[in-house]
Amino acid sequence: MGHILGALGGILIGLIVLAGAAGGIYSAFSKSNVASAEENLIILRMQTQQFFAGTNYDGLNNEVAIRAGIVPESFVKGDSLRNPWGGDITLTSDTSSGTFSIELTNVPQTDCTQLARFQADAWAGISVNGGEIDPSDATAVTSACGDTNTITYTAR
């Protein structure tokens, strides 16, 4: 009986260690997803601005961006644009204001709070779940992010 209890205790300790390691792995993937999204957002914004230089972004959409080669490869999945969490990426233009938007869907809460504050000065606006936010207000950003989120970046 003592051997069985010892074995069960060892298994239990092993499961606890494994659960802790899994949590660490999830955290590492989450940080990796945020870093990848941030890097690719910078590239996408800059390449879109360069490609449409001197225009009002008329005609910008996902298909045009893919065909023009201005979308980072890690965002392209077949003929669709996907973010690191498997959500959609949608490019749109507002020709009357001379801006374009990059929308990311399916962003988890912990990653939303980081991405909503990403390079706030580089964007004309950032919204979370349809509401414009002030990225410098950490409490407002935290309140705006729910379980699964849509973040929209607007650029000139």
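Each value, and the rule that gives it
- Residues numbered from 1 in each chain as written.
- Predicted model: local features only at pLDDT ≥ 70, side-chain atom pairs only at ≥ 80, totals over all residues.
- Heavy atoms only, no water.
- Phe/Tyr/Trp six-rings, centres within 6.5 Å; stacked < 30°, edge-to-face > 60°.
- Buried < 20%, exposed > 50% of the residue type's maximum accessible area, 1.4 Å probe, protein only.
- pLDDT = per-residue confidence, 0-100.
- Contact = heavy atoms within 4.5 Å.
- Helix = DSSP H or I, 4+ residues; strand = E, 2+ residues; numbered from the N terminus.

### A few points about the packing of aromatic side chains
Evaluated as defined, the whole model comprises four aromatic pairs. The interplanar angle of 80° and the centroid separation of 5.2 Å between the aromatic rings of F51 and F52 together place this pair among those described as edge-to-face. Note on F51: relative accessible area 45%, which makes it partly exposed. With a centroid separation of 5.7 Å and 50° between ring planes, the pair formed by F52 and Y57 is classed as tilted.

### Details of the confidence of the model for the protein
Mean pLDDT over the protein stands at 88; residues scoring 70 or higher make up 81%. A low-confidence stretch, residues 21–30 (pLDDT under 50), is modelled with two contacts involving residues beyond four sequence positions or located in other chains.

### Comments concerning the environment of A65
The residue A65 is located in helix α2 (residues 62–68) in this model. Overall, A65 belongs to the buried group, its relative accessible area being 0%. For the pair formed by A65 and Q47, sequence separation is 18 residues and the distance between their alpha carbons is 9.4 Å. When residues no more than four places from it in sequence are discounted, the contact partners of A65 are L60, I70, V71 and L91.

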